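# Commentary on secondary and tertiary structure
Spelled out, the chains give:
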Amino acid sequence: MIILGIDTAIRKTGYGVIRMDTPGKMEILDCGVIQNKASLPHSECLRRLSGGIRQLLDGFHPEAASIESAFVSKNIKTAMILSLARGAVIAALAENHVPVYEYSPKSAKRAATGNGEASKEQVASIIASICSLDVSAIPNDSTDALALAVCHGSLALRPGCAGMLPNPV
């Protein structure tokens, strides 16, 4: 199963594409960041985000995508901007008929490391170890995206757990 994990943000959206055929055994196919300069208007950032997601879909043909569940922020402007980024990403995935599943950051980190409070560095270190990679090959902004992909794969592929999958967005 090929899974695309996405950690959405307007300026730095991390992504991770993994192949997982059994829980605990995976291969990182690609990981990185869709980056937008601070000087770009939000409309251009959203165009670039959806375009970047379409490129990943064309290149890897994932069977599913996972993103962080929406959270409540005290800063309404920040929450609105994040919602715009999520919307651009989800729309690109929906256009290509890729189901999108939401997981909390703690659930994703727990699936990847066994610890829901793990740091980005710990997530990268454990994933690099599992995949026999140099940890420096994993960009910091893509660690949460990889953890999200691992979270979905671990649940979707574990026998008897299919009923525990969240409903697609």
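Shown above is the structure to which this text applies.
The following refers to the structure shown. Bear in mind that the values here come from a model prediction, so they are computed numbers and not experimental data.

## Some thoughts on the pattern of salt bridges
For the coordinates displayed, the defined rule picks out seven salt bridges. Residues Asp 141 and Lys 12 are paired through a salt bridge, measuring 3.8 Å at the closest nitrogen-oxygen approach. Highlighted residues: Asp 141 in the loop between helix 4 (120-130) and helix 5 (143-157) and Lys 12 in strand 2 (residues 12-22), separated in sequence by 129 residues. Take Asp 141: its relative accessible area is 27%, and that puts it in the partly exposed class. Assessed through its relative accessible area of 40%, Lys 12 is described here as partly exposed. In this structure, the salt-bridge partner of Glu 95 is Arg 54, at a minimum N-O distance of 3.0 Å. One end of the pair, Glu 95, is in helix 2 (residues 76-95); the other, Arg 54, is in helix 1 (residues 42-60), with 41 residues separating them in the sequence.

## Quick look at the packing of helix 3 (residues 105-113) against helix 5
Across the interface, helix 3 lies against helix 5 with an axial gap of 8 Å and an inter-helix angle of 75°. When the axes of helix 3 and helix 5 are compared, the pair comes out roughly perpendicular. In this structure, helix 3 uses Ser 107, Ala 108, Lys 109, Ala 111 and Ala 112 to contact helix 5, whose residues at the interface are Asp 144, Ala 147, Leu 148, Val 150 and Cys 151. Looking at side-chain class alone, the contact of helix 3 with helix 5 contains seven nonpolar, one polar and two charged residues.

So, how was this worked out
Residues numbered from 1 in each chain as written. Predicted model: local features only at pLDDT ≥ 70, side-chain atom pairs only at ≥ 80, totals over all residues. Heavy atoms only, no water. Salt bridge = Lys/Arg side-chain N within 4 Å of Asp/Glu carboxyl O. Helix = DSSP H or I, 4+ residues; strand = E, 2+ residues; numbered from the N terminus. Buried < 20%, exposed > 50% of the residue type's maximum accessible area, 1.4 Å probe, protein only. Axes fitted to C-alpha atoms, helices over the stretch in contact; angles between N-to-C directions. Parallel < 35°, antiparallel > 145°, perpendicular 65-115°, else oblique. Contact = heavy atoms within 4.5 Å. Nonpolar A, V, L, I, M, F, W, Y, C, P; charged D, E, K, R; others polar.

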